[in-house]
Amino acid sequence: MRFILAFAAFATAAQAEIVGESVSLDLDKDGTAETFWLENNGDGTVNLRARDTGYGDFTVEDIAWIGGPGQIPILGQSPAGSLTVTAMNIGIGRNRWESMITIAYRRDRYRVVGLSYGFYDSLDLDSNGTCDLNLLTGRGVVVENEVQRDITAPIPALPVFAWTERMPIFEFCFGRDD
């Protein structure tokens, strides 16, 4: 019984592990900066947590994937002042990638308003691509192996609670599931 209780305490502590640095931004423009941070679920994903939103604290479960070294998600700020959540695999295997969602406060909700994705093959540097989608305008640009094309964003600016790490960003951008 003591082993089970000790394991339960360890599992709870692992679930609450904070990943990276927190970010404070006033996305809802109410005069008070919200604080955002990532917590490791212990199941290969992280939750986005927010405090001081003016609407109460919230948690968005499974917002991004997390792995080992070179695979740890980070929070940041876009040039326009929005929150970014970047997941990546830049350290393991030949298929390297980085995906970023941009979160802003629009139409009375925190929404995923932008998607960016980049990939390259570390053994075949001619195999690469980038994609930037503006979900507010519905437009995007894809560059794959140095060929650029404009695309229509396949989804609207979703409320952040509708987002999970299982969203097929690569397919949204490149039209296939690699």
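So, here is what we can say about the structure in this document.

Each value, and the rule that gives it
Residues numbered from 1 in each chain as written. Predicted model: local features only at pLDDT ≥ 70, side-chain atom pairs only at ≥ 80, totals over all residues. Heavy atoms only, no water. Core = buried A, V, L, I, M, F, W, Y, C linked by side-chain atoms within 4.5 Å. Buried < 20%, exposed > 50% of the residue type's maximum accessible area, 1.4 Å probe, protein only. Helix = DSSP H or I, 4+ residues; strand = E, 2+ residues; numbered from the N terminus. Contact = heavy atoms within 4.5 Å. Disulfide = S-S within 2.5 Å. Pairing = 2+ DSSP bridges. Axes fitted to C-alpha atoms, helices over the stretch in contact; angles between N-to-C directions. Salt bridge = Lys/Arg side-chain N within 4 Å of Asp/Glu carboxyl O. Phe/Tyr/Trp six-rings, centres within 6.5 Å; stacked < 30°, edge-to-face > 60°.

**What to know about the nonpolar core**
Piece 1. One finds Ile63, Ile103, Leu115 and Trp163 to be the most contacted residues of the largest nonpolar core, which totals 44 residues.
Piece 2. With six residues, the single largest contributor to this core is strand 8 (residues 109-121).
Piece 3. Discounting chain neighbours no more than four positions away, the residues touching Ile103 are Leu27, Leu48, Ile63, Ser82, Leu83, Val85, Tyr110, Arg111, Val112 and Val160.

**Observations concerning unusual backbone geometry**
Piece 1. Not every positive phi belongs to a glycine, and Asp108 is a case in point at roughly 60°.
Piece 2. Residue classification places Asp108 among the exposed positions, given a relative accessible area of 66%.
Piece 3. The backbone phi angle of Asn145 is positive, close to 50°, even though this residue is not glycine.
Piece 4. Here Asn145 is to be found in the loop between strand 10 (139-144) and strand 11 (147-152).
Piece 5. Using a relative accessible area of 38% as the deciding quantity, one classes Asn145 as partly exposed.

**Some points on the state of the cysteines**
Piece 1. Summed over the entire model, instances satisfying the criterion amount to one disulfide.
Piece 2. One disulfide bridge connects Cys131 with Cys173, the sulfur atoms lying 2.1 Å from each other. Where Cys131 bonds to Cys173 through sulfur, the torsion about that S-S bond is close to -75°, and the disulfide is left-handed. Of this pair, Cys131 sits in strand 9 (residues 128-134) while Cys173 sits in helix 2 (residues 169-174), placing them 42 residues apart in sequence. Judged on exposure class, the residue Cys131 and its partner Cys173 are both buried.

**Description of the sheet that holds strand 4 (residues 58-65)**
Piece 1. In spatial order, the strands read 1-2-3-4; together these four strands make up an open sheet with antiparallel pairing. This sheet does not close on itself; its edge strands, each paired only once, are strand 1 (18-25) and strand 4. Here the strands of the sheet are splayed against their neighbours by 25° on average, with no regard to which way each runs.
Piece 2. Where strand 2 (residues 34-40) lies against strand 3 (residues 45-51), six bridges are found, and the strand directions are antiparallel. Directly across from Glu39, in strand 3, lies its bridge partner Asn47.

**A look at the pattern of salt bridges**
Piece 1. For the structure shown, the criterion picks out four salt bridges.
Piece 2. Between Arg166 and Asp62 there is a salt bridge, with its nearest N and O atoms 3.4 Å apart. One end of the pair, Arg166, is in the loop between strand 12 (158-159) and helix 2; the other, Asp62, is in strand 4, with 104 residues separating them in the sequence.
Piece 3. Between Arg166 and Glu165 there is a salt bridge, with its nearest N and O atoms 3.1 Å apart.
Piece 4. When its relative accessible area of 53% is taken as the criterion, Arg166 is described as exposed.
Piece 5. For Glu165, a relative accessible area of 26% translates into the label partly exposed.

**Things to note about the packing of aromatic side chains**
Piece 1. On inspection of all chains with the given rule, the structure shows 11 aromatic pairs.
Piece 2. Between Trp65 and Trp97, the aromatic rings sit 5.7 Å apart at their centres with planes inclined by 45°, giving tilted as the arrangement. Note that Trp65 is positioned in strand 4 and Trp97 in strand 7 (residues 95-106), a separation of 32 residues in sequence.
Piece 3. Judged by relative accessible area, Trp65 falls into the partly exposed class, the value being 28%.
Piece 4. Owing to a relative accessible area of 21%, Trp97 belongs among the partly exposed residues under this scheme.
Piece 5. Note on Tyr105 and Tyr110: the rings are 4.9 Å apart at their centroids and 70° apart in plane angle, and the pair reads as edge-to-face.

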